[in-house]
Amino acid sequence: MEKKLALYGGEKTINKPFTKGMRYGDNELKHLKEALEQNTLFYWAGNKVKELGEKFKNMYGMKYSVATSSGTSAIHTALAAVGVQPGDEVITTPVTDMGTIIGIIFQNAVPVFADIDPYTYNTTAESIEKCITDKTKAIIAVHITGAPCEMDKIMEVARKHNIKVVEDCAQAHMARYKGQLVGTFGDIGCFSFNEFKQISAGDGGICIMNDYTLYEDALRFADKNYNRLAKTLAGMRDVTYIAPNYRMNELTGSVALAQLDKAEWICERRHTLGRILNKGLSEIDGMIPPAYTDDYYETYMFQLFRVDIDKFNTNIEGFVEALIAEGVPAQKGYIPSTVYQYPLFKTLTGHKGTHAPFDSNYYGKEISYPDGLCPVAEEVNNKTSVSIHFNEFLKDEEMELVVKGIKKVADYYRK
Ligand SMILES: *Cc1c(COP(=O)(O)O)cnc(C)c1O
């Protein structure tokens, strides 16, 4: 017996606002006050960014870290450090934030998109290997939604072909694959502290690595290619090529440092809530939850699931509209279309008003990004998936209500 949908004037499943909490508090204030009292907000003179770097790398059991101004700049820094140069190809996923892609194009390298798995929404070792050419310099493995890529297999493929691996962990703080934290598998792990991630300093980012040369290169690249480790001023200004200013300041460092104290419980809560949703979805005919086995410990920046839409008397837009009317925090797909369907790739305009880097002599190849390039990514992101956004303060019962709302809509429209 289907109940009348809220969309058609029925009773709303979720009729009071979800629990919210304060993300920032006394601990952040304490560190900010200490930063101001240092009388310097410059990372190399103060202690907050240094403490953040120490604490973060220790949490992940890594040797070195380089804090940056954003996740985007962390990824750009990592690409530069592993040696991505004009004309190189970098393989990544078409279902991601532009922050994954921007650094590739700023290096005048060319993005190549590997298709995703329909049950984890991540690129796989198999899909990545198909994209490897003699121009491939690096892979950016993106742990989308906070669910890990199959890093053991991806590393195997990368090592076999002598390709560097950068992990984009912007959505995946504290996520694990086979017990190992993401960000510790590849050559460099990159994280974001923007407002929408598990932990936030408004903006900010960090790279972690074990190789000293990568550390030195990343440190320089994020800071105008200045060599802060040099003994003399002339040595510091021994600049041999350009690099941007991607430095983190002490205010950002203070907030990020304070947030690290909360990272574990936030990620644990998000994991638990996401799993409640998955389990609920698995009991609703026509819903296809992500298939994360015991190898996965996902920390959900948000949740994504698919709808077997042919089983329903509506399309994905209609399904989502009905969910929203029930009070379910739903959105169609994750991004409006796959990344390569954005105008930039249709018109091959990397740098404004030009076709660089796609037409550069360094590249010397033709590339295009037609519709259908990654059929699974298009099917999942553009046509059949729903994302659910939630915060760590949500109660289990509130997530059960989300499930209830989805079930109501599914029962109503099921053929
Ligand atoms: C947020 C995000 C980025 C970029 O991080 P910013 O801090 O916003 O620059 C990169 N990749 C993914 C997958 C992201 O979700």
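Just above, that's the structure.
Model, not experiment: these values are computed from the prediction.

A. Up close: the overall build of the protein chain. Across its full length, the protein chain carries 13 helices and 14 strands. Relative to the compact-globule value of 22 Å for 415 residues, the protein chain shows a C-alpha radius of gyration of 22 Å, a close match. Judged by the C-alpha coordinates and their principal axes, the protein chain covers about 80 × 55 × 40 Å. Contacts spanning at least 24 positions in sequence make up 71% of the contacts within the protein chain whose residues lie at least 6 apart. In the form shown here, the protein chain has an accessible surface area of approximately 17800 Å², with 52% of it arising from carbon and sulfur atoms. Each charge class in the protein chain can be summarised by its mean position, and for the 47 positive and 54 negative side chains these summaries are 3 Å apart.

B. How the structure looks around the pattern of salt bridges. Taken as a whole and judged by the stated rule, the model has 25 salt bridges. Between Arg159 and Asp187 there is a salt bridge, and its shortest N-O distance comes to 3.6 Å. Within this pair, whereas Arg159 is found in helix H6 (residues 151–160), its partner Asp187 is found in the loop between strand S7 (180–181) and strand S8 (188–192), the two being separated by 28 residues in sequence. According to the relative accessible area criterion, Asp187 is buried, its value standing at 13%. A salt bridge links Lys311 to Asp285; the shortest N-O distance between them is 3.3 Å. With Lys311 in the loop between strand S12 (303–307) and helix H10 (316–325) and Asp285 in the loop between helix H9 (250–282) and strand S10 (287–288), this pair connects stretches of sequence that are 26 residues apart. Within the structure, one salt-bridge network assembled from shared partners comprises Asp285, Asp308, Lys311, Lys407, Asp411 and Arg414.

C. Focus on the sheet that holds strand S11 (residues 296–297). Pairing in this open sheet of three strands is antiparallel, and the strands run S7-S6-S11 from one edge to the other. Lying at the two open borders of the sheet, with one neighbouring strand each, are S7 and S11. Relative to S7, strand S6 (residues 176–177) is paired through two bridges, and the arrangement is antiparallel. When the bridges of S7 are listed, Arg176 appears paired with Leu181.

D. A nonpolar patch on the surface, seen in detail. A cluster of nonpolar side chains, Leu36, Leu41 and Leu251, forms an exposed patch at the surface whose accessible area comes to about 240 Å². Tracing the chain through its elements places Leu36 in helix H1 (residues 26–37).

E. Up close: H9. Under the 1.5 Å per step criterion, the end-to-end length of H9 is 45 Å for 33 residues, consistent within 8% with the ideal 48 Å. Along H9, the largest kink reaches about 50° and is centred on Lys262. The residue sitting at the N-terminus of H9 and contributing the capping side-chain oxygen is Asn249; that oxygen lies 2.8 Å from the backbone nitrogen of Leu251.

F. Looking closely at the environment of Met174. Mapped onto the elements, Met174 comes out in the loop between strand S5 (164–168) and S6. Separated by 124 residues in the primary sequence, Met174 and Glu298 have C-alpha atoms spaced 8.2 Å apart. Those residues in contact with Met174 that lie beyond four places of it in its chain are Met59, Tyr60, Leu181, Ala263, Glu264, Cys267, Tyr297 and Thr299.

G. Just the site of the ligand, in detail. Every one of the 15 residues lining the ligand counts as a neighbour, but Gly71, Thr72, Asp168, Ser192 and Lys197 are closest to it. Here a nitrogen atom of the ligand and a side-chain polar atom of Thr100 are 3.3 Å apart. In this structure, an oxygen atom belonging to the ligand sits 2.7 Å away from a side-chain N or O atom of Ser192. The element contributing the most residues to the shell around the ligand is helix H3 (residues 71–81), with three residues. Of the residues belonging to the shell around the ligand, the class tally is three nonpolar, nine polar and three charged.

Criteria and thresholds
Residues numbered from 1 in each chain as written. Predicted model: local features only at pLDDT ≥ 70, side-chain atom pairs only at ≥ 80, totals over all residues. Heavy atoms only, no water. Helix = DSSP H or I, 4+ residues; strand = E, 2+ residues; numbered from the N terminus. Rg over C-alpha atoms; globule rule 2.2 N^0.38 Å. Contact = heavy atoms within 4.5 Å. Areas by Shrake-Rupley, 256 points an atom, 1.4 Å probe, with all protein chains shown as cover. Lys, Arg positive; Asp, Glu negative; His and termini not counted. Charge placed at Lys NZ, Arg CZ, Asp CG, Glu CD. Salt bridge = Lys/Arg side-chain N within 4 Å of Asp/Glu carboxyl O. Buried < 20%, exposed > 50% of the residue type's maximum accessible area, 1.4 Å probe, protein only. Pairing = 2+ DSSP bridges. Patch = residues over 30% accessible without salt bridge, like charges linked within 9 Å, V, L, I, M, F, W, Y side chains within 5 Å. Expected span 1.5 Å × (residues − 1). Bend = angle between axes of the 7 residues up to and from the residue. Polar contact = N/O pair within 3.5 Å; in protein donor to acceptor, adjacent residues only side chain to side chain. Near = heavy atom within 4 Å. Nonpolar A, V, L, I, M, F, W, Y, C, P; charged D, E, K, R; others polar.

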